[in-house]
Amino acid sequence: MSRQRLRCKICGNDFNPLKPTKFSDIKISGSRWLILIKLFELSISARKASVEMNMSYKTTLKAFHLLRKAIAEELSKYDEILKGEIELDESYFGGKRKGKRGRGAAGKTIVFGILERGGKVSVKIVKNVTAETLMKETVKKVRRGSIVYTDKWKGYDSLMFSGYKHLNIDHRYKFKEGKVFINGVEGFWSFAKERLIKYHGISRHKFILYLKEMEWRYNNRNEDLFEMLVYYMLGRNDLRMTKTSLSYNK
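Residues numbered from 1 in each chain as written. Predicted model: local features only at pLDDT ≥ 70, side-chain atom pairs only at ≥ 80, totals over all residues. Heavy atoms only, no water.

With respect to the secondary-structure elements, threonine 138 resides in helix H4 (residues 131-141). Once residues within four sequence positions are removed from consideration, threonine 138 is found in contact with Leu88, Phe112, Ile114, Leu159 and Tyr164. (Helix = DSSP H or I, 4+ residues; strand = E, 2+ residues; numbered from the N terminus. Contact = heavy atoms within 4.5 Å.)

This part is about helix H7 (residues 225-234). In terms of burial, H7 is a largely internal element, 8 of the 10 residues being buried. Every buried residue belonging to H7 is among Leu225, Met228, Leu229, Val230, Tyr231, Tyr232, Met233 and Leu234, and all of these are buried. The opening residue of H7, the one whose side-chain oxygen lies 3.2 Å from the backbone nitrogen of phenylalanine 226, is aspartate 224. Looking at the residues trailing H7, positive phi occurs at glycine 235, about 70°. (Buried < 20%, exposed > 50% of the residue type's maximum accessible area, 1.4 Å probe, protein only. Polar contact = N/O pair within 3.5 Å; in protein donor to acceptor, adjacent residues only side chain to side chain.)

The next subject is the sheet that holds strand S5 (residues 121-126). As summarised here, the arrangement of the 5 strands in space is S5-S4-S3-S6-S7, forming an open sheet in which the pairing is mixed. Only two strands of the sheet have a single neighbouring strand rather than two, namely S5 and strand S7 (165-169). With strand direction ignored, the average angle separating the axes of adjacent strands in the sheet is 25°. Bridge count for strand S3 (residues 85-93) against strand S4 (residues 109-116) is 8 bridges, and the pairing is antiparallel. Bridge assignment links phenylalanine 93 to a residue of S4, and that residue is threonine 109. Packing against the sheet, H4 makes contact with S3, S4 and S5, and its axis sits at approximately 35° to S4. In the packing of helix H6 (residues 204-219) onto the sheet, contacts are made with S3, S4 and S5, and the angle to S5 comes to roughly 165°. (Pairing = 2+ DSSP bridges. Axes fitted to C-alpha atoms, helices over the stretch in contact; angles between N-to-C directions.)

What follows deals with the pairing of S5. Bridge analysis of S4 against S5 gives 6 bridges, and the strand direction is antiparallel. Among the inter-strand pairings, phenylalanine 112 is bridged to a residue of S5, identified as lysine 124. A loop of 4 residues connects S4 with S5, the two strands running antiparallel in sequence, and glycine 118 in this loop sits at a positive phi of about 80°.

All right, on to unusual backbone geometry then. Of note in this structure, serine 43 is not a glycine but carries a positive phi near 65°. Within the secondary structure layout, serine 43 lies in the loop between helix H1 (30-41) and helix H2 (46-53). Despite not being glycine, asparagine 54 shows a phi value in the positive range, around 55°. Locating asparagine 54 in the fold gives a position in the loop between H2 and helix H3 (57-76). Given a relative accessible area of 72%, asparagine 54 falls into the exposed group.

Moving on, we come to the pattern of salt bridges. Evaluated as defined, the whole model comprises 15 salt bridges. Close ionic contact of glutamate 137 with lysine 124 constitutes a salt bridge, the shortest N to O distance being 3.3 Å. Residue glutamate 137 is located in helix H4, and its partner lysine 124 is located in strand S5; the two are separated by 13 residues in the primary sequence. A residue is classified by how much of its surface remains accessible, and glutamate 137, at 11% relative accessible area, is buried. Among the residues examined, lysine 124 registers a relative accessible area of 37% and is labelled partly exposed. Across the salt bridge formed by glutamate 213 and arginine 217, the nearest N and O atoms sit 2.7 Å from each other. Taken together, the positions of glutamate 213 and arginine 217, both in helix H6 and 4 residues apart, correspond to about one turn of that helix. (Salt bridge = Lys/Arg side-chain N within 4 Å of Asp/Glu carboxyl O.)

Now for the confidence of the model for the protein. On average, residues of the protein score 88 in pLDDT, and 87% of them reach the 70 mark or higher. Mean pLDDT values for the elements of the protein range from 48 in helix H8 (residues 239-247) up to 97 in S4. A low-confidence stretch, residues 238-244 stays under pLDDT 50, and its non-local contacts, those more than four residues away or across chains, total 6 contacts. (pLDDT = per-residue confidence, 0-100.)

Taken as a whole and judged by the stated rule, the model has 10 aromatic pairs. Between phenylalanine 188 and tryptophan 189 the ring centres are 5.5 Å apart and the planes differ by 55°, which places this aromatic pair in the tilted class. Grouping residues by exposure puts phenylalanine 188 and tryptophan 189 together as buried. Residues phenylalanine 191 and tyrosine 218 carry aromatic rings whose centres are separated by 5.3 Å and whose planes lie at 75° to one another, so their mutual orientation is edge-to-face. Residue phenylalanine 191 is located in helix H5 (residues 183-196), and its partner tyrosine 218 is located in helix H6; the two are separated by 27 residues in the primary sequence. In this structure, arginine 117 is placed above the aromatic ring of phenylalanine 181, and the distance from its NZ or CZ to the ring centre is 3.9 Å. The ring of phenylalanine 40 has arginine 217 lying over it, and the distance from NZ or CZ to the ring centre is 5.1 Å. (Phe/Tyr/Trp six-rings, centres within 6.5 Å; stacked < 30°, edge-to-face > 60°. Lys NZ or Arg CZ within 6 Å of the ring centre and 35° of its normal.)

Here you go:
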């Protein structure tokens, strides 16, 4: 029928299969939504996507915001405990500023990262890097008995008293000694910053959505991100239903 509606052959009622989903938050066709999702998957900026789609920047930006919200909501459903060999580190996000770099840098957003070797990474924005803060986040996400690798920051000294085997490396002299290194989590910092830098500034209240997007991209870098995004937007796990709903809304 017109205006992206379907009509039930049995009862004769009209309906839109995408109405109860996140797709209905923007009034564009299913096919245009799919193209936007593909551009988002390819890490195309909202401004460039708006040009590619001949669509207003405001609409494209809203669509990408909805996708990031859907990712964050999906991640919040799972509170996976990391175990085994674990790397901990903090990083500072924000534009280049004069003054101190690294720990203690002013005006930066502090992000605490936990990486399970051979597994996933989990990131959290924290207010500071005190032992109290770092231990609180570690205990919530890391199974006791795990082997935890860090640098020499004093905030990690309490790990050995919290049920973990703690091994550290002094970056003033070397970055690796046998299995003692944090190259994995540092690799995630590079992964995230290389992608975030192209946005030329992200507001503080939206930064968490971009950060969680980076966590999701890193953890699913060998998966079909396009299909996953469609599932999140539909709020369904049935691939057949996903394809049927979108094909009716071309």
